[in-house]
Amino acid sequence: MKKLVKIKDVTIGDGIPKICVSMVGKTTSELIEEAEFLKQLDIDVIEWRADFFKDVTNISKVKKALQAISTVVLEKPIIFTFRTAKEGGQKEVTTAYYVELNKAIALSKLAEVLDIELFNEEKDILELVNAAHNNGIFVIISNHDFERTPEKEEIISRLRKAQELGGDLPKIAVMPTCTKDVITLLDATRIMNEKYANRPIITISMAGKGIISRLSGELFGSALTFAAAKKVSAPGQISAVELRKVITLLHNNI
């Protein structure tokens, strides 16, 4: 039986996929305004994409901004994500700073989930996973390919590796170049979910071609889906309002 991930009042891996919206404000005041707007929406989880934050290289200012966000959203779980440039993020930093920043957030306990990229040194991933888990923080271990969709076996391999390294929510997002790529992602999700996963997983086929993957997670096995509020953080995101309608329709008829 798969373990569920229960964060505050949100249980990921049970029933209808949970909806996450990313915050992309550049300043603390923008983030507070964004948080005030998001807490009114019918969403489950909030992700702070800290790579958009203009002071992201100042850990003290990052923690103060995160504290301000958490004070506004209160009951909603927060995912802290610094997405590196090589995986589609807004800023590149040294590996040493990436580790330092994520470790500081884990120790601060200001976020409920930490996103750690799979394509890092294994020792760094394990250090961050341990820091997070020792402080009661869940971990997404993620991989993003904005160029292509790997072969089915490779997608499954990356998800299994994320699971083996201690990710509570293994995640992969890939770019389709054709309809077959979308089918590849969906079937890899099915196989991972049915054969290998002992916890919830997150899979996404990006851009317009991949929108079906954001809607059909309950059928294929992806437990969390990402939507947009005002500004998208990845290609293919649709509005949280429309997403809720569609996944509820599917949930009621599966």
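Refer to the structure printed above.
These numbers come from a predicted model, not from an experiment.

Undergrad: How should I be thinking about the layout of surface pockets in this particular structure?
TA: Over the atoms a probe the size of a water molecule is rolled, and this reveals where empty space is left. By volume, the largest pocket is sized at about 250 Å³. What lines the largest pocket is a set of 20 residues, among which G13, D14, N193, G221 and A223 lie closest to the centre.

Undergrad: Would you explain the nonpolar core in this entry?
TA: Generally speaking, nonpolar side chains in soluble globular proteins are found buried as a group. Within the largest apolar cluster, 52 residues are counted, with the highest numbers of intra-cluster contacts made by W48, F80 and L101. When near neighbours in sequence (up to four residues on either side) are disregarded, F80 contacts W48, A50, V62, L66, L101, N102, I105, A111, V113, L114 and D115. Grouped together as the second largest cluster of nonpolar side chains are 19 residues, V45, I140, A207 and L224 included.

Undergrad: Can you walk me through the packing of aromatic side chains in this structure?
TA: For any pair of aromatic rings, the description rests on two quantities: the centre-to-centre distance and the angle between the ring planes. Inspection of the entire model under this criterion finds 3 aromatic pairs. Considering the side-chain rings of W48 and F53, the 5.4 Å spacing of their centres and the 70° angle between planes classify their relative orientation as edge-to-face. Accessibility assignment for this pair places W48 and F53 in one class, buried. Each ring, one from W48 and one from F80, has its centre 5.7 Å from the other, and the planes form 75°; the classification is edge-to-face. Residue W48 is found in strand 4 (residues 45-49), and its partner F80 is found in strand 5 (residues 78-81); the two are separated by 32 residues along the sequence. We classify W48 as buried; its relative accessible area is 0%.

Undergrad: Even after reading the chapter, I still don't get the pattern of salt bridges, so can you show me in this structure?
TA: Any two side chains of opposite charge can pair, on the condition that their charged atoms come close. The full count for this structure, using the stated rule, is 19 salt bridges. Of the charged contacts, one joins E127 and K103 as a salt bridge, the two residues approaching to 3.0 Å between their closest N and O atoms. You can see E127 sitting in helix 4 (residues 122-134) and its partner K103 sitting in helix 3 (residues 95-108), a full 24 residues away along the chain. Note on E127: relative accessible area 32%, which makes it partly exposed. With a relative accessible area of 30%, K103 lands in the partly exposed category. The salt bridge partner of K123 is D124, with a shortest N-O separation of 3.2 Å.

Reading the values: the criteria
Every chain's residues receive numbers from 1 upward, in the order its sequence appears when written. A pLDDT threshold of at least 70 governs which residues receive local features in this predicted model, and a stricter bar of 80 or more applies before side-chain atom pairs are shown or counted, although totals over entire chains, interfaces and linings include all residues. Only heavy atoms go into the side-chain values, all of them from the structure, while hydrogens and water stay out. Only protein atoms enter the 1 Å grid used here, on which a cavity is any set of points holding a 1.4 Å probe that cannot leave and a pocket is any open set flanked by protein within 12 Å on both sides along at least five of seven lines; residues with an atom within 4 Å of a point are listed as lining. Grid points are joined across faces, edges and corners, and a volume is the space filled by probe spheres set on the points. Buried Ala, Val, Leu, Ile, Met, Phe, Trp, Tyr and Cys residues that are joined via side-chain atoms within 4.5 Å together make up what is termed a nonpolar core. Each residue's exposure class comes from its accessible area (1.4 Å probe, protein chains only) as a fraction of the maximum for that residue type: buried when under 20%, exposed when over 50%, partly exposed otherwise. Residue contacts are counted whenever heavy atoms from the two residues lie within 4.5 Å of one another. The criterion for an aromatic pair is that two Phe, Tyr or Trp rings (for Trp, the six-membered ring) have centres within 6.5 Å, with stacked assigned to planes under 30 degrees apart, edge-to-face to planes over 60 apart and tilted to the rest. For helices the rule is a DSSP run of H or I covering at least 4 residues; for strands it is a run of E covering at least 2, with both sets numbered from the N terminus onward. Think of a salt bridge as a Lys or Arg side-chain nitrogen and an Asp or Glu carboxyl oxygen that are within 4 Å of each other.

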